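Residues per chain are reported as follows:
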Amino acid sequence: MKANVGGIDRIARIIVGLVLIALVFVGPKTPWGWIGLIPLLTGAFRFCPFYPLLGVSTCGCETK
């Protein structure tokens, strides 16, 4: 797994993930908030499994 998520993309994923998970505990208290684990984990591990399929990388550390 090469890193393919970088910079602002990573920060945005972590923030969106945390906000969605917060919906489980406050606000509408919906279990759909657990979907926030996906962006949170992809931001934390700096890897999105869909990016290689699409040929996309927001990480500047990869050379082609």
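Before reading further, recall that the structure is shown in the block above.
Residues numbered from 1 in each chain as written. Predicted model: local features only at pLDDT ≥ 70, side-chain atom pairs only at ≥ 80, totals over all residues. Heavy atoms only, no water.

Draft legend 1. Spotlight on the packing of helix α1 (residues 7–25) against helix α2 (residues 37–45). Between α1 and α2, the shortest axis-to-axis distance is 7 Å and the interhelical angle comes to 150°. Our classification of the angle between α1 and α2 gives roughly antiparallel. Like other packed secondary-structure pairs, α1 and α2 cross with a definite hand, here left-handed. Residues Arg10, Arg13, Ile14, Val16, Gly17, Leu18 and Ile21 of α1 pack against Leu37, Pro39, Leu40, Thr42, Gly43 and Ala44 of α2. Across the contact of α1 with α2, the residue classes tally to eight nonpolar, three polar and two charged. (Axes fitted to C-alpha atoms, helices over the stretch in contact; angles between N-to-C directions. Helix = DSSP H or I, 4+ residues; strand = E, 2+ residues; numbered from the N terminus. Parallel < 35°, antiparallel > 145°, perpendicular 65-115°, else oblique. Left-handed = near helix turned anticlockwise from the far one by under 90°. Contact = heavy atoms within 4.5 Å. Nonpolar A, V, L, I, M, F, W, Y, C, P; charged D, E, K, R; others polar.)

Draft legend 2. Just the side chain of Asp9, in detail. Tracing the backbone shows Asp9 in helix α1. Separated by 3.0 Å, the side chains of Asp9 and Thr58 make a polar contact. (Polar contact = N/O pair within 3.5 Å; in protein donor to acceptor, adjacent residues only side chain to side chain.)

Draft legend 3. Highlighting the pattern of salt bridges. Across all of its chains, the model carries one salt bridge by this definition. A salt bridge links Asp9 to Arg13; the nearest nitrogen and oxygen atoms lie 3.1 Å apart. Of this pair, Asp9 and Arg13 both sit in helix α1, four residues apart, which is roughly one turn of the helix. Comparing Asp9 with Arg13 shows no difference in burial state: the two are buried. (Salt bridge = Lys/Arg side-chain N within 4 Å of Asp/Glu carboxyl O. Buried < 20%, exposed > 50% of the residue type's maximum accessible area, 1.4 Å probe, protein only.)

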